[in-house]
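What follows is the residue order along each chain.
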Amino acid sequence: MQKILLVGKPNSGKSLLFNQLTGLRQKVANFPGVTVELKSGIFNAHLDNGVDGKQQQKFELIDYPGTYSLKSLSKDESIAIEQLLNAMSDEKTSVILCNLDATRMERSLVFALQVQEIAKQHNKTVIFTLNMVDELLRFNHKIDTDKLSEKLGSPVYAVSAKTLIGISELQKGLGEIAISPEKYRVKPTETNQQASGIAAKSLAKEFAIQSDVVLKRQNAIDRLLLNSVFGGFAFLLIMFFLFQSIFTWAAPLMDATEDAIGFIAGIVSGFLGEGILNDFMTDAIFGGLGSFLVFVPQIMILTLIIGLLEDSGYLARAALICHRPLSFFGLSGRSFIPYLSGHACAIPAILAARTIESPRKRFVTMLTVPLMSCSARLPVYALLIAVLVPDTTYLGGWVNLQGAMFFALYSFGILTALIVSGVLNKMTEGSKELQDMPFILELPSYRLPHWQPLFYRIINSGVQFIKRAAPIIFVVSLIIWTLGYFPNNGDLQNSYLSTIGQWIEPIFTPLGVDWRYGVAILVSFLAREVFVGVLGTMFSIENADENIAGLAENLQADGLSLASGVALLAFYVIALQCVATVAMLKSELGKNRYAWGAFIAYGLLAYLVSMFFYAVLS
Ligand SMILES: Nc1nc2c(ncn2[C@@H]2O[C@H](COP(=O)(O)OP(=O)(O)OP(=O)(O)O)[C@@H](O)[C@H]2O)c(=O)[nH]1
Ligand SMILES: [Mg+2]
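Anyway, here's the lowdown on the structure attached to this text.

Rules behind the numbers
Residues numbered from 1 in each chain as written. Chains lettered and ligands numbered in written order. Predicted model: local features only at pLDDT ≥ 70, side-chain atom pairs only at ≥ 80, totals over all residues. Heavy atoms only, no water. Helix = DSSP H or I, 4+ residues; strand = E, 2+ residues; numbered from the N terminus. Contact = heavy atoms within 4.5 Å. Expected span 1.5 Å × (residues − 1). Bend = angle between axes of the 7 residues up to and from the residue. Axes fitted to C-alpha atoms, helices over the stretch in contact; angles between N-to-C directions. Parallel < 35°, antiparallel > 145°, perpendicular 65-115°, else oblique. Left-handed = near helix turned anticlockwise from the far one by under 90°. Nonpolar A, V, L, I, M, F, W, Y, C, P; charged D, E, K, R; others polar. Buried < 20%, exposed > 50% of the residue type's maximum accessible area, 1.4 Å probe, protein only. Arc of directions from axis to C-beta. Patch = residues over 30% accessible without salt bridge, like charges linked within 9 Å, V, L, I, M, F, W, Y side chains within 5 Å. Areas by Shrake-Rupley, 256 points an atom, 1.4 Å probe, with all protein chains shown as cover. Salt bridge = Lys/Arg side-chain N within 4 Å of Asp/Glu carboxyl O. Phe/Tyr/Trp six-rings, centres within 6.5 Å; stacked < 30°, edge-to-face > 60°. Donors = N, O, S within 2.8 Å, 3.2 Å for Na, K, Ca; no water. Near = heavy atom within 4 Å. Polar contact = N/O pair within 3.5 Å; in protein donor to acceptor, adjacent residues only side chain to side chain.

## Concerning the environment of Val126
Here's step 1: Secondary-structure assignment places Val126 in strand β5 (residues 125-131).
Here's step 2: When the C-alpha positions of Val126 and Leu5 are compared, they lie 9.5 Å apart, and in sequence the two are 121 residues distant.
Here's step 3: Excluding residues that lie within four positions of it along the chain, Val126 makes contacts with Ile96, Cys98, Val115, Gln116, Ala119, Ser154, Pro155 and Val186.

Below, the structure is given as structure tokens:
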């Protein structure tokens, strides 16, 4: 299949355009460096040539990570650029679709003209999209695309990937051009023969909107949010409410889910009557799997909040504010983005670290991202907090004690990551392999969130969370139930499981918990969420006739002490219980020993820290 390459400056809307042209849902967000891996989709070209009716051809459309220039600053950027240069000279490439940000023309054009130059050398066709024209229209600014096209010597389409202005014209035009690209080769013009920097400047002067018009409103907001005193304060406040709201907003939804599961369990149980099958359903399915499903609303709210931060443009400002404090620990402002997205999941966060220019800072960031409290830890935190911390509110309901505990746990993860970063930074000092680079970050425009993709993202996060963990929780609950139910039909304390449990109990005595928690911790090395499912199953077996999904009440009634609870929480903050993360570290760092080293080191550290908390608090 012939290829169309979609290239352009970071944050110019390539991925949103890609989504509109292919119907896929690739991640879009308002900061530079969202796309870090090539993504391809199918573009259907229709040609209405009037002679033999409609002609159709499929093309592979490839979304590239954004680049500012074809001349690289760092070694790693040069790998990305080399990849792009190779693709541009590939004989299968029929068209290069170069996307320009109409609100930031000059920057977009430098890269665009360089692309054109290479395209000329390889006899390739380039077409330009002038994206984000909806934003220009708000300022009543219009760009004469015909004239721009004449100067550039290539076709230009004005579009908005967001409001879909000009998208159908683009589809039609791109189709025609892709099918017969030789007709649209780059024409030599006065402009495209100049050096890219000079030509970009003069074109921007002639066509672009005055940047101070666009920047006016933005600068007013930035004066506040990037202010050296207020900015830091605002940042902390935003972060505090971010993590608070995961708890407070989700509470009614979680209660509703818990009630719904309890209600269904009641019906199923009444239908099944007494017996092993009923015990199995209530203990393993509703007790195990059900206890885990209760936390889905929280995951979705976390995604909503991170999504809002990303879409608004604040994330890049936060990275800037954090640059100084992060540098102190050997990290960069760019580490902030992987750190924040690590609160959803470490896997994309480790990938996002690719945008960090400095290899050494990237290395340190990747190894410490797993300390961010990812969504798999959420069920564990929420459960233990509900058991340990009373549901009191202060300041007229704005501050909730359970929410504050949540914030404390997230902060503890971040603090540990910073300390570990400091240590790793010292250890890698003077390494030739890991050189250092300056921190540069383009600030995107503030924008209102784009609701539809955000909505899909929220739904998707819930679905993925269930898909990822539910099968393993199901299997583990099944095994745990079987071992815990037999041979004495529901007597957990005298079951096969307890025999195995007594064996491992000594390992967990220093944390003040018995074998039941020990089993749940060990099994949760498969996936953290399993902790909740396994405890749910065991406590359901024990409390055969009591309420089904109320695991927190069961743990409370069982008398989990504050010291042990805190020790367990500390363990879950630090331990790297995720096979997928180890695999990701391995592939990104290229070395097995770093990945497994992190796994073992974080496991040991988690154990020691939680032992410490138990000893101090008990
Ligand atoms: N107003 C407006 N916003 C847009 C338009 N196209 C994209 N955006 C927004 O611009 C931001 C960046 O979009 P992306 O598609 O992620 O940009 P990208 O070029 O793929 O960025 P990288 O992957 O970082 O190189 C997002 O917030 C989009 O919602 C547009 O036509 N109009
Ligand atoms: Mg992108």
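## Quick word on helix α19 (residues 451-485)
Here's step 1: Taking 1.5 Å of rise per residue, 35 residues should cover 51 Å, and α19 covers 48 Å from first to last C-alpha, within 8% of that figure.
Here's step 2: At Ala470, α19 is deflected by roughly 35°, the largest bend along its length, and proline Pro471 occurs up to four residues later in sequence.

## Topic: the packing of helix α9 (residues 230-248) against helix α18 (residues 401-427)
The geometry of a pair of packed helices is captured by two quantities: the angle between their axes and the separation between those axes.
Here's step 1: For the pair α9 and α18, interaxial distance at closest approach is 8 Å and the crossing angle is 120°. By the criterion of interaxial angle, the relationship of α9 to α18 is oblique. Here α9 and α18 pass one another in a crossing that is right-handed. Of α18, the residues touching α9 (which contributes Met239, Phe240, Phe243, Gln244, Ile246 and Phe247) are Gln402, Gly403, Ala404, Phe406, Phe407 and Tyr410.
Here's step 2: When grouped by side-chain class, the residues that make up the contact of α9 with α18 number 9 nonpolar, 3 polar and no charged.

## Brief notes about helix α23 (residues 551-558)
Here's step 1: Those residues of α23 lying buried are Leu551, Ala552, Asn554 and Leu555. For α23, the angular spread of buried residues about the axis comes to 160°, placing them on one side.
Here's step 2: Gly559 lies just past α23 and shows a positive phi near 85°.

## Section: the packing of helix α10 (residues 250-272) against helix α12 (residues 296-312)
Here's step 1: α12 packs onto α10 with a crossing angle of 150° between their chain directions and a minimal axis gap of 8 Å. On the basis of the axis angle, α10 is roughly antiparallel to α12. In this structure, α10 meets α12 at a crossing whose hand is right-handed. Counted together, Ala250, Leu253, Met254 and Thr257 of α10 and Pro297, Gln298 and Ile301 of α12 form the full contact between these two elements.
Here's step 2: In terms of residue class, the contact of α10 with α12 is made up of 5 nonpolar, 2 polar and no charged.

## A short note on a nonpolar patch on the surface
Here's step 1: Taken together, the side chains of Leu224, Phe230, Phe233, Leu237, Phe241, Tyr394, Leu395 and Trp398 define a hydrophobic patch exposed on the protein surface, amounting to about 890 Å² of accessible area.
Here's step 2: In terms of residues, the nonpolar patch owes the most to one element, α9, which gives 4 residues.
Here's step 3: As for its placement among the helices and strands, Trp398 is situated in the loop between β7 (393-394) and β8 (399-400).

## Some thoughts on the packing of aromatic side chains
Here's step 1: One pass over the full model with this rule turns up 22 aromatic pairs.
Here's step 2: Residues Phe525 and Phe571 carry aromatic rings whose centres are separated by 6.3 Å and whose planes lie at 75° to one another, so their mutual orientation is edge-to-face. Taken together, the positions of Phe525 in the loop between α21 (515-523) and α22 (530-542) and Phe571 in helix α24 (residues 562-574) put the pair 46 residues apart, joining distant regions of the chain.
Here's step 3: With 6.1 Å between their ring centres and 75° between their planes, Phe525 and Phe599 make a pair best called edge-to-face.

## Considerations on the coordination of the magnesium ion (ligand 2)
Here's step 1: All of the protein donors around the magnesium ion (ligand 2) are Ser15 (OG) and Thr35 (OG1); their distances to the metal are 2.0 Å. Of this pair, Ser15 sits in helix α1 (residues 14-22) while Thr35 sits in the loop between α1 and β2 (39-48); the two residues are 20 residues apart in sequence, bridging distant segments of the chain.
Here's step 2: The class for Thr35 is buried, based on a relative accessible area of 11%.

## What to know about the environment of Asp134
Here's step 1: Turning to its location among the elements, Asp134 is positioned in helix α4 (residues 133-138).
Here's step 2: Spatially, the C-alpha atoms of Asp134 and Leu164 are 9.0 Å apart, while their sequence positions differ by 30 residues.
Here's step 3: Setting aside residues up to four positions removed in sequence, Asp134 forms contacts with Ser160, Lys162, Thr163 and Ile165.

## Quick word on the site of ligand 1
Here's step 1: Around ligand 1, the structure places 25 residues, and the nearest of them are Lys14, Gly33, Val34, Thr35 and Asp134.
Here's step 2: Ala29 is positioned such that a nitrogen or oxygen atom in its backbone is 3.2 Å from an oxygen atom of ligand 1.
Here's step 3: Between an oxygen atom of ligand 1 and a main-chain N or O atom of Ala161, the distance comes to 2.9 Å.
Here's step 4: Compared with its free state, where it exposes 660 Å², ligand 1 has 99% of that area covered by protein.
Here's step 5: The set of elements that each furnish at least two residues to the shell around ligand 1 consists of α1 and α4.
Here's step 6: The element best represented in the shell around ligand 1 is α1, accounting for 3 residues.

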